[in-house]
Amino acid sequence: MDEKRVLQSVLRLLSGGGQRDPAAEMAREVLAGRMSLRDAGNSLAYGEMFTQAISDGVATVESTSPEQRAEAVGALAGAAAVLDPPQARRPAPVEDDWDESVTSPWDDR
């Protein structure tokens, strides 16, 4: 599963919330293409929601045992491999083999 599909799945899941749920509203805006996820995180309307989610995540991590953290790190590493796979090497550019001396009978030359 690629990152875009995972993001779309999460946004669809979030968008099912109530009309007054800011996460659901933000997800609907992003899914509709009216704003990017980056714009949502930088906005006054949704930025606090992202900040709170990060704070909650940090607090949760700090309250876990070393064994639980090691297990979570392993799970996150697996998720990161799916969500952010290593970049494949781009193939070297192919030398252009177009022969300018060859013309077609339809050329205006």
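Residues numbered from 1 in each chain as written. Predicted model: local features only at pLDDT ≥ 70, side-chain atom pairs only at ≥ 80, totals over all residues. Heavy atoms only, no water.

Okay, helix H2 (residues 22–31) next. Among all positions in H2, only Ala23, Ala24, Met26, Ala27 and Val30 are buried. One side of H2 carries all its buried residues, which in axial view fall inside an arc of 165°. The opening residue of H2 is Asp21, an N-cap whose side-chain oxygen sits 3.1 Å from the backbone nitrogen of Ala23. Downstream of H2 by one or two residues, Gly33 has phi in the positive range, about 80°. (Buried < 20%, exposed > 50% of the residue type's maximum accessible area, 1.4 Å probe, protein only. Helix = DSSP H or I, 4+ residues; strand = E, 2+ residues; numbered from the N terminus. Arc of directions from axis to C-beta. Polar contact = N/O pair within 3.5 Å; in protein donor to acceptor, adjacent residues only side chain to side chain.)

To continue, consider the layout of surface pockets. Reported here for the largest pocket is a volume of approximately 210 Å³. Around the largest pocket, the lining residues are Leu7, Val10, Leu11, Leu14, Ala23, Met26, Leu37, Met49, Phe50, Ala53 and Ile54. Breaking the lining of the largest pocket down by element, the ones donating at least two residues are helix H1 (3–15), H2 and helix H4 (44–62). Residues of the lining of the largest pocket, tallied by class, amount to 11 nonpolar, no polar and no charged. (1 Å grid on protein atoms, 1.4 Å probe; cavity = no way out; pocket = protein on both sides within 12 Å on 5 of 7 lines; lining within 4 Å. Points joined across faces, edges and corners; volume = space filled by probe spheres on them. Nonpolar A, V, L, I, M, F, W, Y, C, P; charged D, E, K, R; others polar.)

What follows is about the side chain of Ser43. Structurally, the position occupied by Ser43 is in the loop between helix H3 (37–42) and H4. A polar atom in the side chain of Ser43 sits 3.0 Å from the backbone nitrogen of Tyr46.

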